[in-house]
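# Breakdown of the fold
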Amino acid sequence: MFTIDESIVGPELASWLKCWNIKEFTDVQQLAVNHGVHNGTSAIVCAPTSSGKTLVGELALASALKGDADALYLVSHKALAEQKYADFSRRFTSDQFGSHISVAISTGDREDGDIRSRLLISTYEKALGLLLSGRLRVSQTVIIADELQLLGDKYRGASVETLCTLLRQRKPKQFVGLTATAENPDEVADWMGCEVVHCAKRDVVLQQHICYAGQRYTVEFGQDEGSTTVDPTPSSNLHSFVRSLISRGQGPVLVFTETRNEARRYADEYSKQCNRDQKGIAISNQLELFSEPTESSQSLKSNAERRVAFHSADLTPDERNVIEQGFDKSDFDVCFATSTLSAGVNFPFRTVVFSKLFFTYRDDHKMSLGDYRNMSGRAGRLGLHPDGNAYLLPKNNAELAHANKLVAPANEKIISQLVSLSMRRTILGLVAAGTVSTRKEVETFFKNSFYWHQTQEHNPKLLEAIIKKAKDAATWLIDRHYLAQEDGAIQITSLGRATAQSGLLPETAGQFVDLLGNKGSQINDAFDDHQIGIIHWIASCPEFSSDTPTRFLPYPAGEVKAESKLFIQQNNLLTPLDPNDSKVIASVHALGLFMAGEGERKIQFVSRISSGYIHRLASDFAWILDGLSCISGAKELAIPQSTTNHLRMLARRIRWGVPVDGLDVLKIATRSRVPGFGRQRLMALTANGVGTIMDILKTPLDKLAKLIHGKERAESLIDALGQNLNDAAVPYAAAHVQAAGEVGLAEQVEACNQAIGTDYEDAIVELLRQELQLVVDVIDDGDRQNVPDFSLALNEKSLIIECKTVTKKPPLIDKRAAWEVVQKSADFDKSMHRVTLGKPDFDETSKKKAAAATDITLVRHEVFMEGLVRVLTGRLDAPSFIDWLAEPGVTELDRLPGNPTFVASSASQK
Ligand SMILES: Nc1ncnc2c1ncn2[C@@H]1O[C@H](COP(=O)(O)OP(=O)(O)OP(=O)(O)O)[C@@H](O)[C@H]1O
Ligand SMILES: [Mg+2]
């Protein structure tokens, strides 16, 4: 460790470090500071696990935020994003920076915070989407790429590389890549034009032990040679081995297992010999309070009371949270976990045990070096433990030989995976982003890639092959009208843009367009009867089954039941059912039950898919459905808005796992973190006739507490539902004010954002009148009774608009209020279209009804403002705006033409 030298870091940084309670630097931190990473130097920082790389990134973030740069922190997965979001929101507070720093998070599951925030935490895939839709201003941004070794990941490396290639071309203000030890950080640095900060030392020494046949070979991480001692501790009995570690003060212990079942079974067996304890009981109570009953919960709870945990993909997000908080406080003695206990997420264990080095059930038959380093890297935390230990327990000579390889200091090389990605999707994205507009520039992109950089040295012949593949892909995209070619230039079509924005494979988009072409109106007219058919169509689509799948269906735990097949066959299917595809059958059945609100234990019992996997599956399917609804909005397809509305509604139902009427309560309760109130407790309320916001608010506390098992939970729910939703972060508000500032209308836009009641109508009318082409006629002047607020006309088209705002109880506009415009305008010309403009939003029941309506449009304030500000700032013409508002249904932002207000201008993008 090094004393922090104020003359090097400067007084300001020194004072922040003091606030953050950092007294000394680790080796890699000192080295990074010597390279000037805190002063804008771009670098690839390569150091062992748990050596303190995050702080290096934070130093760069801090200097960006202190100046006028934006900051982007890229992470490998959602759990890590959540952890960093919480950490950074705490760390980068206004006290240190003089003004408020807006922090936002964007992952497949969650978008929170201002769309134009100063600091954004995002997963790689999501950031690629944002970049392609023009939402990142690269040249003004300091970018930290955590876990950058992901570049070499078989499944995800290609997206990471596409993102980095684009960033490299656009030259960020500073780029700092953080990576665990790899053999070739120089190669990555050379490619990205960065310096290398390479440090082999781990500040907390990691001792690696191989126990076999009464002997123990011990070698320190990073060293070539170790020493052998006689160790009679029997390693064949895992439980007694772990017990002996704990009795020697080497706990907490993490035991790595092959399968989810194994993790749970080991934990159940181990805890039989442990006593219950106060801290353990406290965690068990937390599980009771913070999560809903699942098939794992009983076992989790009784193990937790004895300070034993298991951790695998079977756990629901709530269960994981509680268990992980227990790790954080070292409240468990031992945890049995699969490798999903993810990389880079920090939990303090003193010792990690590898009970198996060869696998029976996994696709990879041996433990990979990457997994080994990741898991062993969890052992020994700075400031908490004097050292860390990894124990490898080989069972035979072959496993012993593998163990010896794992503990050797040699590192894995990061190897480009770019060619494993769908070339079509990559090229489509590049054209959509405006990065390439000729075939020549497609070539330039590949010449900028890590693949090119790496292959040029080793195998130049391959380069011709990739250029040919790229050309074929471009031709395919042109033939199918995703791209248009004219005089050598290639341009994106609106179908191409929608597909690129959806993030889906062009093949998926193509099949979906065909589906809509053949059966679109049939689906639209009886959407509810086709929901299972659509889910089945998705499970069979190229996202899961092409050569370059983007995601995977889980294997059911056991044979699927005839019941599952029957469940699917009863529905209107859109593609034939393969009776032998057990993964598709189990997943569709599980999701069908999930969105109907069925309990997770029952779903697991009938479909053989565990709670943890159902949640993951639901989030994947919801993501795909959002993509499909985005595609359905492409102008040339001329699909009615109602189809887009229906698809979005289905996405929400699958994401949240409840019927339409339950969505609002669940969304609000989740956002407000009502403890242990999820879909199952909501369904219990619904079954008792207390399913809506108003029902709940009217129910006496005692009764509510009984229904959802807990007074604290009931109070928290009532509080959450009674809140004013306008207070919640409004992602676009700041962007609208800023864009309006371009034409001197910032104040008027701000007034619309703030106002409620009749002030709101006045503010909106005032703003609409700024656009000279629009004719605004106030009907409700305060004297006339029961008439709509105003009409809006342009050329032949005119709309009748009613404004609705609500604050509390219920905090959303209900069906009655949303439809008032129809009744109030009964005497008006039928050709005038009816619109309700609402703030903050309509309830889900209204949205569902509107999707099937032909005579009304519901538009949410923020969405309306996006359209209007586009018109006022010249990003969109007024007739298109009026056409968009006049389309029946719930107005969708994806279907709005023109340039978004939140997109950086093209000059700053390039
Ligand atoms: N200078 C420091 N003083 C005290 N504690 C520190 C310091 N730097 C980092 N730590 C602590 O060390 C732990 C490991 O740090 P960090 O998560 O940054 O490691 P890492 O190098 O990113 O490892 P991984 O490769 O596993 O992600 C964290 O708990 C962090 O709070
Ligand atoms: Mg890290």
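All of these numbers come straight from a predicted model, not from anything done at the bench.

Parameters and conventions
- Residues numbered from 1 in each chain as written.
- Chains lettered and ligands numbered in written order.
- Predicted model: local features only at pLDDT ≥ 70, side-chain atom pairs only at ≥ 80, totals over all residues.
- Heavy atoms only, no water.
- Near = heavy atom within 4 Å.
- Polar contact = N/O pair within 3.5 Å; in protein donor to acceptor, adjacent residues only side chain to side chain.
- Areas by Shrake-Rupley, 256 points an atom, 1.4 Å probe, with all protein chains shown as cover.
- Nonpolar A, V, L, I, M, F, W, Y, C, P; charged D, E, K, R; others polar.
- Helix = DSSP H or I, 4+ residues; strand = E, 2+ residues; numbered from the N terminus.
- Phe/Tyr/Trp six-rings, centres within 6.5 Å; stacked < 30°, edge-to-face > 60°.
- Buried < 20%, exposed > 50% of the residue type's maximum accessible area, 1.4 Å probe, protein only.
- Salt bridge = Lys/Arg side-chain N within 4 Å of Asp/Glu carboxyl O.
- Pairing = 2+ DSSP bridges.
- Axes fitted to C-alpha atoms, helices over the stretch in contact; angles between N-to-C directions.
- Parallel < 35°, antiparallel > 145°, perpendicular 65-115°, else oblique.
- Contact = heavy atoms within 4.5 Å.
- Domains from an automatic or database assignment.
- Buried area = accessible area lost by both parts, 1.4 Å probe.

## Concerning the site of ligand 1
Around ligand 1, the structure places 16 residues, and the nearest of them are Glu24, Gln29, Ser50, Thr54 and Asn346. Within the side chain of lysine 53, one N or O atom sits 2.9 Å away from an oxygen atom of ligand 1. Protein burial of ligand 1: of its 640 Å² of free accessible surface, 83% is covered by the chains. A class-by-class count of the residues in the shell around ligand 1 yields three nonpolar, eight polar and five charged.

## Some details on unusual backbone geometry
Between glycine 251 and proline 252 the backbone carries a cis peptide bond, its omega angle lying at -10°. Mapping proline 252 onto the fold places it in the loop between α9 (238-247) and β14 (253-256). Cis geometry is adopted by the peptide bond preceding proline 840, which originates at lysine 839 and carries an omega value of 0°. You can see proline 840 is positioned in the loop between β24 (833-839) and α39 (844-851). Its identity is not glycine, yet lysine 171 carries a phi of approximately 55°, on the positive side. Mapping lysine 171 onto the fold places it in the loop between α7 (157-170) and β9 (174-179).

## What to know about the packing of aromatic side chains
Counting across every chain of the model gives 18 aromatic pairs. When the centroid spacing of 5.0 Å and the interplanar angle of 75° are considered together, the rings of tyrosine 73 and phenylalanine 88 count as edge-to-face. Taken together, the positions of tyrosine 73 in strand β4 (residues 70-75) and phenylalanine 88 in helix α4 (residues 78-91) put the pair 15 residues apart, joining distant regions of the chain. Looking at tyrosine 73, the relative accessible area reads 0%, which means it is buried. Take phenylalanine 88: its relative accessible area is 0%, and that puts it in the buried class. Measuring from centroid to centroid gives 5.1 Å for phenylalanine 445 and phenylalanine 446, while their planes differ by 80°, and the two rings are edge-to-face. The class for phenylalanine 446 is buried, based on a relative accessible area of 1%. Taken together, Phe327, Phe332, Phe347 and Phe349 form an aromatic cluster joined through their ring pairs.

## Some points on the pattern of salt bridges
Going through the model one piece at a time under the given rule, you end up with 47 salt bridges. Between aspartate 70 and arginine 137 there is a salt bridge, with the nearest N and O atoms lying 3.4 Å from each other. Of the two residues, aspartate 70 sits in strand β4 while arginine 137 sits in the loop between α6 (124-132) and β8 (141-145), which places them 67 residues apart along the sequence. Each member of the salt-bridge network shares a partner with another, and the members are Asp626, Arg648, Arg655, Glu892 and Asp894.

## Topic: the environment of cysteine 752
Along the chain, cysteine 752 falls in helix α35 (residues 746-754). Residue class for cysteine 752 comes out buried when judged on its relative accessible area of 0%. In this structure, the C-alpha to C-alpha distance between cysteine 752 and alanine 733, residues 19 residues apart in sequence, is 10.0 Å.

## So, the pairing of strand β11 (residues 205-212)
Where β11 meets strand β18 (residues 387-392), six bridges bridge the pair, whose relative direction is parallel. Considered in β18, the bridge of glutamine 208 is made with alanine 390. Sheet analysis places β11 next to strand β12 (residues 215-220), joined by six bridges and oriented antiparallel. Looking across to β12, one finds that cysteine 211 is bridged to arginine 216.

## A short note on the packing of helix α29 (residues 663-671) against helix α33 (residues 711-722)
At a closest axis distance of 9 Å, the pairing of α29 and α33 adopts a crossing angle of 105°. With respect to each other, α29 and α33 are oriented roughly perpendicular. Note on element contacts: α33 touches α29 through Leu717, Ala720 and Leu721, opposite Val665, Ile668 and Ala669. Of the residues in the contact of α29 with α33, the class split is six nonpolar, no polar and no charged.

## Looking at the domain arrangement of the protein chain
Split by domain assignment, the protein chain resolves into domain 1 (2-198), domain 2 (205-407), domain 3 (424-490), domain 4 (506-657), domain 5 (662-722) and domain 6 (733-907). Using C-alpha coordinates to define each centre, domain 4 is positioned 33 Å away from domain 6. Around 1,200 Å² of area is buried between domain 4 and domain 6 when both sides are counted, 40% of it from carbon and sulfur atoms. Three residues stand out in domain 4 for area buried against domain 6, namely Gln641, Asn645 and Met649, and they jointly supply 47% of the buried area on that side.

## Let's talk about the sheet that holds strand β17 (residues 351-354)
Strand pairing in a sheet is mediated by backbone hydrogen bonds. Such pairs are either parallel or antiparallel. Strand order across the open sheet formed by eight strands is β13-β12-β11-β18-β17-β14-β16-β15, with mixed pairing between neighbours. Whereas interior strands pair on both sides, the edge strands pair on one side only; in this sheet they are β13 (227-230) and β15 (308-311). With direction set aside, neighbouring strand axes in the sheet form an average angle of 20°. Contacts from helix α15 (residues 397-407) reach β11, β12 and β18 within the one sheet, and its direction differs from that of β11 by about 170°.

## Description of the sheet that holds β8
Ordered in space as β6-β5-β7-β4-β8-β9-β3-β10, the eight strands form an open sheet in which the pairing is mixed. Each end of this open sheet is capped by a strand with a single partner; those strands are β6 (111-112) and β10 (195-198). Alignment of β4 against strand β7 (residues 119-123), held across five bridges, turns out to be parallel. Pairing of valine 75 across the sheet is with threonine 123, part of β7. Contacts from α6 reach β4, β5 (103-106), β6, β7 and β8 within the one sheet, and its direction differs from that of β7 by about 115°.

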